Amino acid sequence: MNYTPVIGLEVHVELKTKSKMFCGCSADYFGKEPNTHTCPVCLGLPGALPVPNKKAIEWCVMIGLALNCTTPLFSKFDRKNYFYPDLPKGYQISQYDQPLCINGFITLSNGKKIRIRRVHMEEDTGKLTHVGNESLIDFNRSGVPLVEIVTEPDFESSIEVVEYLKKLQQIVRFLGVSNADMEKGDMRLEPNISLKMTNELPKYKVEVKNINSFRFVGKAIEYEIKRQTEILDRGDMPEQETRGWNDEKNITVSQRSKEEAHDYRYFPEPDLPPIRFTEDQISDIRNRIPELPDEKLARFQKEYQLNKSQAVILTETKEIADYFEKTVKPGKVDPIQIANYIINKKIDINKVSSEEVIAQVAGKTSGIIADEGELGKLVKEAIDENPKAVADFKSGKENALQVLIGAVMKKTAGKADAEKARKILTKLLKRGLFPAFKVR
Amino acid sequence: MNNLYELTIKKARDGLKNKSFSSAELIKSCLDRIKAVEPKIHAFVTVCDEAINYAKDENLPLRGIPISIKDNFCTVGLRTTASSNVLKDFIPPYDATVVAKLKAAGAVIIGKTNLDAWAHGSSTETSDFGTTRNPWNIEHLPGGSSGGAAASVAADEIIAAIGSETAGSIRQPADWCGVVGLKPTYGRVSRYGVVAMASSLDSPGPITKTVEDAAIILQILAGKDSLDATTLPNSPQDYLKDLDKKITGLKIGVPDEYFDGVTEQVRARVEDALKLLEKLGAKIIKIKLFKPEYAIAVYTILQRAEVSSNLARYDGIRYGSTRENFGEEAKRRIMLGTYALSAGYWDQYYNKAQKVRTVIVEDFIRAFKEVDIIIAPTNPTTALPLGASKDNPMFGEMADALVEPSSIAGLPGINVPCGFSKEGLPVGFQVIGPQLAETLILNVAHQYQINTDWRKEKPKL
């Protein structure tokens, strides 16, 4: 039988604020020695009280605004009560019925709008590690600010879900509020999947937890569609349940059935006064939103006459977009030629300066010096004339290479083939064939 | 000078300043007194036998003055139990803001006082470390939950004490023990470091021998705390400046509803007090307020709900004691609160209680348009005999009926002793003011106190 998948998504994004959500501890926990970023508040000690992190709340609102949400002027925190060893207070401070942002959307490339139901603020839990028969708790992550973004069940395929996730990741990175690094757990994904035959929403919903990559979320959805199709084809109804993704076996496994579902007993957090915004405060946050990927994409096409695929590549990250614009800015060369050069040569923007790119692109029309012998001579001269840069490079400062390449470019009025010059330089420097290392 | 332990903060401060005695002598006097009367009173869970004064600056307002702290305030390095076996071995790594402020003011903490376990109750009979006795008659209860604090002051084991009130836990035991107890406006004094009971109500405050001492302590404790988001931004008043002001023309509201079910002896003493206040120039005006019993239902639901969440952290994984160590009362409250917050019941209980709470708040606002302050009995009865709370799960709520409405509304209130029953047990009345009217209620209470001699009576121990 043919069913239409009905998929909704909950995404947790960890903010990169300096301090945690409700205390002054550093929120930079990744890879740190366990239980070194803690205090009475994030340990949930008797009597300790939360004080909200203003920046985190502003960033949450900023995310909501970037996702086209409405931001009510009144919002509040609630307690979500449940027991788990990684939850030191026995409740998580979250938001229940009055989140910071509601009713937004993300538009996919096919023009489809994925509606966003809510964007709310909460705190992360500690982390459990199981070693043999022992379980260890690290509270460094406890209280790190988390933003939860919940969509309506608007997706119909894993492809749509993955595109949405990439866009979301790109947006929070452009906003500069999260690194959204999947491997570090900055972004956590929970799709809920069901299948329908008619126009009505299905009577069940399967939630899949513990997914830490875009690839796995696609696989998990595909797996669920197949699994649920088989059940429906048998004439049965899939169970309402929570399942977990097992990335070794590439399957989902049942974790919790409807009967075991939590009653979180939400109630307003009495330790925190409600949040009241003025219109001015909201527009102030709105004004701080930088140009977002979609806007940048449109502008690059219009302003620099790039085609769509060029513009997509050059707006993928804020860094590459800024690099491109910095290279275009002096107005020496045609933006399309720069775009092609950056894209075709797969320029590493952390290694090649925009001056070099300009020189290279300009040089193309007036004869580049690419002869290895000639370049080698120039490189040796540059090495002799810049002992400090050489010493710096030897002591591990990779940037010193730029200085030497710059020197070569200067000698040739920007006409040296920078890539070749780099190769020769690296070879010579690593061999040690330069004066500073001669045996005396 | 003999019996230094009998001194008020004011007198102790003067004596220290004049070098009539040293703080070491004052501390020793209190510790000796504790040693002598504790076997009868049992006001303390922990006594700091080695307590010494570290404060050098002679200008500090409480320099070298011994103070007791209710055992639900975290004290760094000093066991803090909340009178529950669950925390019997808990040594906090930090000081509550109240404790930090007292220490900064030069106070010397010489012990942690008993309370009903987790501050659940009005008798100290739910304490896992034994019941405190009323110094006026050790066969009677001291009240609670700050029963140890009130008894420590009444028995002159200490110069002054710190308690906390959620609904009655300062005023009620102060009343039964015949001492002054001030519950400030909610948010006036920081809750940071106080083992949470009902977070939307908890208010730390002083229990003292005189109203003036209560003002001295409030002066130190009041103010915004960057560690407690619910503290009020308003800058504190000078709580001492108006103490001596005459109360001529002051409009005192007296609600009949607060005299229903009050014993004849209590009623008579409070009416005497009102007559005296009238003589001092105040106008007595009959007012109508919601019957206090409405507050009981609201309070019970909100408080149990918050308790069920606040006690969740004692899940047996940390603090070295499992959940079996919770007493009957705590378990009852956790279950009731959990039930009230459960899906399907939220609207019927918690939400409805919040709505009635708003109505009670508005009722007081309306009343304070007619009058400046409200005076009523603090308790319907004088101290009840030991055992009175047993098998009576609503004991606390009934004993606190007359203080619950103002607690729910977050208003300040103070208990002032106003005589004794025929049996020799203390009677008090409470002065309730509008939000942040601490200066005014202290003024009224002080004017009453300096025109009466009740404070000079001492229990025979």
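Analysis parameters
- Residues numbered from 1 in each chain as written.
- Chains lettered and ligands numbered in written order.
- Predicted model: local features only at pLDDT ≥ 70, side-chain atom pairs only at ≥ 80, totals over all residues.
- Heavy atoms only, no water.
- Helix = DSSP H or I, 4+ residues; strand = E, 2+ residues; numbered from the N terminus.
- Buried < 20%, exposed > 50% of the residue type's maximum accessible area, 1.4 Å probe, protein only.
- Contact = heavy atoms within 4.5 Å.
- Areas by Shrake-Rupley, 256 points an atom, 1.4 Å probe, with all protein chains shown as cover.
- Lys, Arg positive; Asp, Glu negative; His and termini not counted.
- Charge placed at Lys NZ, Arg CZ, Asp CG, Glu CD.
- Polar contact = N/O pair within 3.5 Å; in protein donor to acceptor, adjacent residues only side chain to side chain.
- 1 Å grid on protein atoms, 1.4 Å probe; cavity = no way out; pocket = protein on both sides within 12 Å on 5 of 7 lines; lining within 4 Å.
- Points joined across faces, edges and corners; volume = space filled by probe spheres on them.
- Pairing = 2+ DSSP bridges.
- Axes fitted to C-alpha atoms, helices over the stretch in contact; angles between N-to-C directions.
- Parallel < 35°, antiparallel > 145°, perpendicular 65-115°, else oblique.
- Nonpolar A, V, L, I, M, F, W, Y, C, P; charged D, E, K, R; others polar.
- Disulfide = S-S within 2.5 Å.
- Salt bridge = Lys/Arg side-chain N within 4 Å of Asp/Glu carboxyl O.
- Buried area = accessible area lost by both parts, 1.4 Å probe.
- Left-handed = near helix turned anticlockwise from the far one by under 90°.
- Phe/Tyr/Trp six-rings, centres within 6.5 Å; stacked < 30°, edge-to-face > 60°.
- Lys NZ or Arg CZ within 6 Å of the ring centre and 35° of its normal.
- Core = buried A, V, L, I, M, F, W, Y, C linked by side-chain atoms within 4.5 Å.
- pLDDT = per-residue confidence, 0-100.

Enquirer: Sorry if this is basic, but what is going on with the overall build of chain A here?
Expert: Counting its regular elements, chain A contains 13 helices and 15 strands. Each of the 440 residues in chain A was classed as buried or not, and the buried ones make up 53%. Taking the intrachain contacts of chain A between residues at least 6 apart in sequence as the baseline, contacts between residues at least 24 apart amount to 69%. Here chain A displays about 21700 Å² of accessible surface, and carbon together with sulfur accounts for 50% of that area. Across chain A, the 67 positively charged side chains and the 64 negatively charged ones have centroids separated by 6 Å.

Enquirer: Quick question: what am I supposed to make of the overall build of chain B here?
Expert: Within chain B, the regular secondary structure consists of 13 helices and eleven strands. Taken along its principal axes, the extent of the C-alpha atoms in chain B is 65 × 60 × 45 Å. In chain B, which comprises 461 residues, the proportion classed as buried is 64%. Within chain B, residue pairs in contact and separated by at least 24 positions form 77% of the contacts whose partners lie at least 6 positions apart. When the accessible surface of chain B is summed, it comes to about 16300 Å², and 54% of that surface belongs to carbon and sulfur atoms.

Enquirer: Help me understand the side chain of E190 of chain A, please; the structure alone is not making it clear to me.
Expert: Residues and elements named next belong to chain A. As for its placement among the helices and strands, E190 is situated in strand 10 (residues 187-196). Engagement of the side chain of E190 in a polar contact is seen with the side chain of K209, the distance being 3.2 Å. If near-sequence neighbours (up to four positions away) are discounted, E190 is found in contact with G8, L9, E10, H12, E207, V208 and K209.

Enquirer: Help me understand empty space enclosed by the protein, please; the structure alone is not making it clear to me.
Expert: The probe, sized like a water molecule, is rolled over the atoms to show the empty space still left. Residue and element names in this part refer to chain A. Scanning the model with the defined rule gives six cavities of 30 Å³ or more in all. Approximately 90 Å³ is the volume found for the largest cavity. If you trace the largest cavity, you find 14 residues lining it, with F22, V41, C42, K89 and E123 closest to the centre.

Enquirer: Sorry if this is basic, but what is going on with the layout of surface pockets here?
Expert: Residues and elements named next belong to chain B. By volume, the second largest pocket is sized at about 850 Å³. Elements supplying a minimum of two residues to the lining of the second largest pocket: helix 10 (347-370) and helix 12 (404-408). Sorting elements by how many residues they give to the lining of the second largest pocket places helix 10 first, with six residues.

Enquirer: Sorry, what's going on with helix 9 (residues 354-363) of chain A here?
Expert: Each α-helix turn comprises 3.6 residues. Residues three or four places apart therefore point the same way. Counting buried residues along helix 9 of chain A, eight of its ten residues qualify, which places the element largely inside the surrounding structure. On its buried face, helix 9 of chain A is in contact with helix 7 (318-328), helix 8 (335-344), helix 12 (400-411) and helix 13 (418-431) of chain A.

Enquirer: Help me out: how do you make sense of the sheet that holds strand 4 (residues 160-165) of chain B in this one?
Expert: In a beta sheet, neighbouring strands are held together by backbone hydrogen bonds and run either parallel or antiparallel to one another. Residues and elements named next belong to chain B. With mixed pairing, eleven strands are arranged side by side in an open sheet as 1-3-2-4-6-5-10-11-9-7-8. Each edge of the open sheet carries a strand with a single partner, namely strand 1 (44-47) and strand 8 (283-287). Sheet twist, expressed as the average angle between the axes of neighbouring strands with direction ignored, equals 30°. Pairing of strand 7 (residues 251-255) with strand 8, which is carried by five bridges, proceeds in the parallel orientation. Bridge pairing links P255 to I287 in strand 8. In the packing of helix 6 (residues 211-221) onto the sheet, contacts are made with strand 2 (66-70), strand 4, strand 5 (180-183), strand 6 (203-208) and strand 10 (413-420), and the angle to strand 6 comes to roughly 145°.

Enquirer: Looking at this model, I keep getting lost on the packing of helix 1 (residues 9-17) of chain B against helix 6 of chain B. Mind explaining?
Expert: If you want to describe how two helices pack, look at the angle between their axes and the distance between the axes. Residues and elements named next belong to chain B. The N-to-C vectors of helix 1 and helix 6 enclose an angle of 75°; their axes lie 8 Å apart at closest approach. Classed by the angle they form, the pair helix 1 and helix 6 counts as roughly perpendicular. Between helix 1 and helix 6, the contacting residues are I9, K10 and R13 on the first element and E212, D213, I216 and I217 on the second. Each residue belonging to the contact of helix 1 with helix 6 can be placed in one class, and the counts come to three nonpolar, no polar and four charged.

Enquirer: Even after reading the chapter, I still don't get the state of the cysteines, so can you show me in this structure?
Expert: Here, disulfide denotes a covalent bond that connects the sulfur atoms of two cysteines. Residues and elements named next belong to chain B. As enumerated under the stated definition, the model contains zero disulfides over all chains in all. As a non-bridged cysteine, C418 has C177 as the owner of its nearest cysteine sulfur, 15 Å distant. Overall, the relative accessible area of 2% leaves C418 in the buried class.

Enquirer: Help me out: how do you make sense of the pairing of strand 3 (residues 78-81) of chain A in this one?
Expert: Remember that side chains alternate between the two faces of the sheet whenever the strand is regular. Residues and elements named next belong to chain A. The two faces of strand 3 match: D78 and K80 on one face and R79 and N81 on the other face are all buried. Bridge count between strand 3 and strand 4 (residues 91-94): four bridges; the pairing is antiparallel. Note on strand 4: the bridge partner recorded for N81 is Y91. Here two bridges tie strand 3 to strand 14 (residues 267-268), and the two strands are oriented antiparallel to one another. For D78, the partnering residue across the bridge sits in strand 14 and is P268.

Enquirer: Teacher, can you tell me more about the pattern of salt bridges here?
Expert: Two side chains carrying opposite charge are able to pair once their charged atoms lie near each other. If you walk through the whole model with that rule in mind, you get 52 salt bridges over all chains. Between D271 of chain A and R79 of chain A there is a salt bridge, with the nearest N and O atoms lying 3.1 Å from each other. Of this pair, D271 of chain A sits in the loop between strand 14 and strand 15 (275-276) while R79 of chain A sits in strand 3; the two residues are 192 residues apart in sequence, bridging distant segments of the chain. A salt bridge links E291 of chain A to R299 of chain A; the nearest nitrogen and oxygen atoms lie 2.7 Å apart. You can call R299 of chain A partly exposed: its relative accessible area is 23%. Three or more residues joined by partner-sharing salt bridges are found here, namely R79, E269 and D271 of chain A together with R191 and D228 of chain B.

Enquirer: Whenever I open this one, the interface of chain B and chain A confuses me. Can you help?
Expert: Buried accessible area, meaning the area lost when the parts come together, often serves as the stated size of an interface. Counting residues at the interface gives 36 residues for chain B, matched by 31 residues for chain A. For the chain B and chain A pair, buried surface summed over both sides reaches about 2500 Å², with 59% attributable to carbon and sulfur atoms. In this structure, D271 of chain A and R191 of chain B form a salt bridge, with 3.0 Å as the shortest nitrogen-oxygen distance. Taken together, the links from chain B to chain A amount to 14 residue pairs in polar contact (both at pLDDT 80 or more). At the level of secondary structure, the elements contributing two or more residues to the side of chain B that touches chain A comprise helix 8 (292-310) and helix 9 (328-341) of chain B. Of the residues that constitute the side of chain B that touches chain A, the class distribution is 20 nonpolar, nine polar and seven charged.

Enquirer: Mind showing me how you'd approach the packing of helix 12 of chain A against helix 13 of chain A here?
Expert: Residue and element names in this part refer to chain A. Orientation of helix 12 relative to helix 13, taken along the N-to-C sense of each, is 125°, at an axis distance of 10 Å. For the element pair helix 12 / helix 13, the angle class is oblique. Crossing geometry of helix 12 relative to helix 13 is assigned as right-handed. Along the contact surface, helix 12 presents L401, Q402, L404, I405, V408 and M409, while helix 13 presents A418, A421, R422, L425, T426 and L429. Residue classes in the contact of helix 12 with helix 13 are distributed as nine nonpolar, two polar and one charged.

Enquirer: Looking at this structure, how should I read the packing of aromatic side chains?
Expert: Pairs of aromatic rings are described using the distance from one ring centre to the other and the angle between the two planes. Counted according to the given criterion, the structure contains 24 aromatic pairs over all chains. Centroid distance Y264 of chain A to Y266 of chain A: 6.1 Å. Interplanar angle 65°. Geometry classified as edge-to-face. Under the relative-accessibility criterion, Y266 of chain A is labelled buried at 19%. Aromatic ring contacts, followed pair by pair, group F90, W118, Y314, Y319 and F326 of chain B into a single cluster. Over the ring of F105 of chain A we find K113 of chain A, and its NZ or CZ is 4.1 Å from the ring centre.

Enquirer: I'm lost on the nonpolar core in this one. Help?
Expert: Buried together is how nonpolar side chains tend to be arranged in soluble globular proteins. Residues Y164 of chain A together with W118 of chain B are the most contacted members of the largest nonpolar core, which totals 224 residues. In this structure, W118 of chain B is in contact with A82, S84, V86, L87, V195, M197, L311, Y314, F326 and A330 of chain B, ignoring residues within four places of it in sequence. Formed by 24 residues, the second largest nonpolar core is a distinct cluster that contains L404, M409, A416 and A418 of chain A.

Enquirer: Looking at this structure, I do not really get the confidence of the model for chain A. What am I missing?
Expert: With 96% of its residues at a pLDDT of 70 or more, chain A shows a mean pLDDT of 91. This stretch, residues 436-440 of chain A, has a pLDDT under 50; its non-local contacts, to residues over four places away or in other chains, come to three contacts.

Enquirer: Quick question: what am I supposed to make of the sheet that holds strand 4 of chain A here?
Expert: Read across the sheet, three strands follow the order 4-3-14 (chain A) without closing on themselves; strand pairing throughout is antiparallel. Because the sheet does not close on itself, it has two edges, and the strands there are strand 4 and strand 14 of chain A.

Enquirer: What is the right way to read the side chain of S68 of chain B from this model?
Expert: Residue and element names in this part refer to chain B. Relative to the helices and strands, S68 resides in strand 2. The buried category is assigned to S68, whose relative accessible area is 0%. Discounting residues that sit within four places of it in the chain, S68 has contacts with F44, G111, T113, S152, I158, A160, A161 and I162.

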